[in-house]
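Architecture and fold: a report
This is what each chain is made of:
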Amino acid sequence: MIIGAVEAGGTKFVCGVGNEKGEIFERVSFPTETPEITLAKVVEFFKDKNIERLGIGSFGPIDVNPKSKTYGYITKTPKLAWTDCDVVGYLKKYFDIPMYFDTDVNGAALGEATWGAAKGLDNCLYMTIGTGIGGGALVSGKLVHGMLHPEMGHILVKRHPEDKYEGKCPFHKDCLEGMAAGPAIEARWGIKGHELPLDHVAWDIEAYYIAQGLVNFILTLSPEKIILGGGVMKQSQLFPKIRANVIELLKGYVQTKEILENIDNYIVYPKLGDNAGLLGALALTL
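Conventions we followed
- Residues numbered from 1 in each chain as written.
- Predicted model: local features only at pLDDT ≥ 70, side-chain atom pairs only at ≥ 80, totals over all residues.
- Heavy atoms only, no water.
- Helix = DSSP H or I, 4+ residues; strand = E, 2+ residues; numbered from the N terminus.
- Rg over C-alpha atoms; globule rule 2.2 N^0.38 Å.
- Buried < 20%, exposed > 50% of the residue type's maximum accessible area, 1.4 Å probe, protein only.
- Contact = heavy atoms within 4.5 Å.
- Areas by Shrake-Rupley, 256 points an atom, 1.4 Å probe, with all protein chains shown as cover.
- Lys, Arg positive; Asp, Glu negative; His and termini not counted.
- Charge placed at Lys NZ, Arg CZ, Asp CG, Glu CD.
- Core = buried A, V, L, I, M, F, W, Y, C linked by side-chain atoms within 4.5 Å.
- Pairing = 2+ DSSP bridges.
- Phe/Tyr/Trp six-rings, centres within 6.5 Å; stacked < 30°, edge-to-face > 60°.

1. What about the overall build of the protein chain?
Counting its regular elements, the protein chain contains nine helices and 12 strands. Rg of the C-alpha trace for the protein chain: 19 Å, near the compact-globule value of 19 Å for 286 residues, within the 12% margin. Summarising its shape, the C-alpha atoms of the protein chain cover approximately 55 × 40 × 35 Å along the three principal directions. Counting across all 286 residues of the protein chain, residues that qualify as buried make up 52%. Look at the contacts in the protein chain between residues 6 or more apart in sequence, and 61% of them connect residues 24 or more apart. Here the protein chain has roughly 13,300 Å² of accessible surface; of this, 53% comes from carbon and sulfur atoms. Of the side-chain charges in the protein chain, 29 are positive and 34 negative, and the distance between the mean point of each set is 1 Å.

2. Here's the deal with the nonpolar core
In this structure, Met127, Leu214, Leu228, Ile242, Val246 and Ile267 are the most contacted members of the largest nonpolar core, which totals 41 residues. Elements supplying a minimum of two residues to this core: β8 (124-129), β9 (133-139), α4 (176-180), α5 (182-189), α6 (201-221), β11 (226-229) and α7 (238-250). Non-local contacts of methionine 127, meaning those with residues more than four positions away in its chain, are made with Ile133, Gly134, Gly135, Met152, Leu176, Leu214, Phe217, Ile227, Leu228 and Gly229. In terms of nonpolar packing, the next biggest core, distinct from the first, is built from 28 residues, Ala8, Phe30, Val88 and Ile97 among them.

3. Points about the pairing of strand β1 (residues 3-8)
Burial analysis of β1 places five of its six residues in the buried class, which makes it a mostly covered element. One ladder, built from six bridges, connects β1 with strand β2 (residues 12-18); its direction is antiparallel. Among the inter-strand pairings, isoleucine 3 is bridged to a residue of β2, identified as glycine 18. Between the end of β1 and the start of β2, which pair antiparallel, lie three residues. As defined by bridge partners, β1 adjoins strand β4 (residues 53-58) across six bridges and the pair is classed as parallel. The partner of isoleucine 3 across the bridge, within β4, is arginine 53.

4. Some points on the packing of aromatic side chains
Following the criterion strictly, the structure yields nine aromatic pairs and no others. Between phenylalanine 13 and phenylalanine 30 the ring centres are 6.2 Å apart and the planes differ by 15°, which places this aromatic pair in the stacked class. Note that phenylalanine 13 is positioned in strand β2 and phenylalanine 30 in strand β3 (residues 24-31), a separation of 17 residues in sequence. Of the two residues, phenylalanine 13 and phenylalanine 30, both sit in the buried class. Here tyrosine 71 and phenylalanine 101 contribute two aromatic rings whose centre-to-centre distance is 6.2 Å and whose plane-to-plane angle is 85°, an arrangement assigned as edge-to-face. Of the two residues, tyrosine 71 sits in the loop between β4 and β5 (73-74) while phenylalanine 101 sits in strand β7 (residues 99-103), which places them 30 residues apart along the sequence. Assessed through its relative accessible area of 6%, phenylalanine 101 is described here as buried. Through pairs of rings, three or more aromatic residues link up here, namely Phe13, Phe30, Phe59 and Trp82.

5. Observations concerning the pairing of β4
The buried fraction of β4 is high, at five of six residues. Two strands pair when backbone bridges link them, and β4 and β7 are joined in this way by five bridges, in the parallel orientation. Note on β7: the bridge partner recorded for glycine 57 is aspartate 102.

6. Regarding unusual backbone geometry
Here the bond from glycine 60 into proline 61 is cis, since omega is 0°, no more than 30 degrees from zero. The phi torsion at aspartate 84 lies on the positive side, around 60°, for a residue other than glycine. You can call aspartate 84 partly exposed: its relative accessible area is 41%. Its identity as a non-glycine residue notwithstanding, lysine 251 has a phi of 55°, on the positive side. Within the element layout of this structure, lysine 251 appears in the loop between α7 and α8 (257-260).

Structure follows, in structure tokens:
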């Protein structure tokens, strides 16, 4: 089967062609511009590929309810040009094939559970920490949906004692995304995160906020594996700090071997690496 996959990110779109084994044969990426420019490039890439189905993992918020009038839309996003954009409707005009639409992070969670770090598990959490923060969850073998879809980046967190930064989120200021996403790091310290020294206090503060989020999700979703992707998590010095903070914040309340004995293999980087989002979009079609 020839499957198309789109990782629709707020910064860039990645399109690929693969199969049900998780093999990607061809891929392309381009910046996220206006919907008219960007979606035209998606159509141009796929027009001669003979794809039989298409998976789309998108930045949000999005409407993932197939019964809704606005199913397949990006809704009230801070990326204003994309507000109320009918992504699926646009692509349906050019491709009369089954399409599967979900958040990019839900897709990535499914991709990691199908071929990656959470393979063989029914419960996992995928979080991306980059330009924004988002999370997707697989619970009892199913992606989490409800009234909307998970918006894990906007949970409220307790302020680090040494942090005076007000927060970057235009809605909540000091939610998790507002305190720990890439733009918050840059606004707080005046330079981009990858330019900061490895031993800078910024990474202690960052780990504290990320760990708070993970503790909340451990206590509510009980994932068997936590996968942390996105540009910020390329700072590998964060992982030991995050794991240590999770243990400290839990205070021994969760008595599992994953936490107490094997946390280095419990909170991990995506096994699918930079292909997590694209393979996640592909996995949505299965």
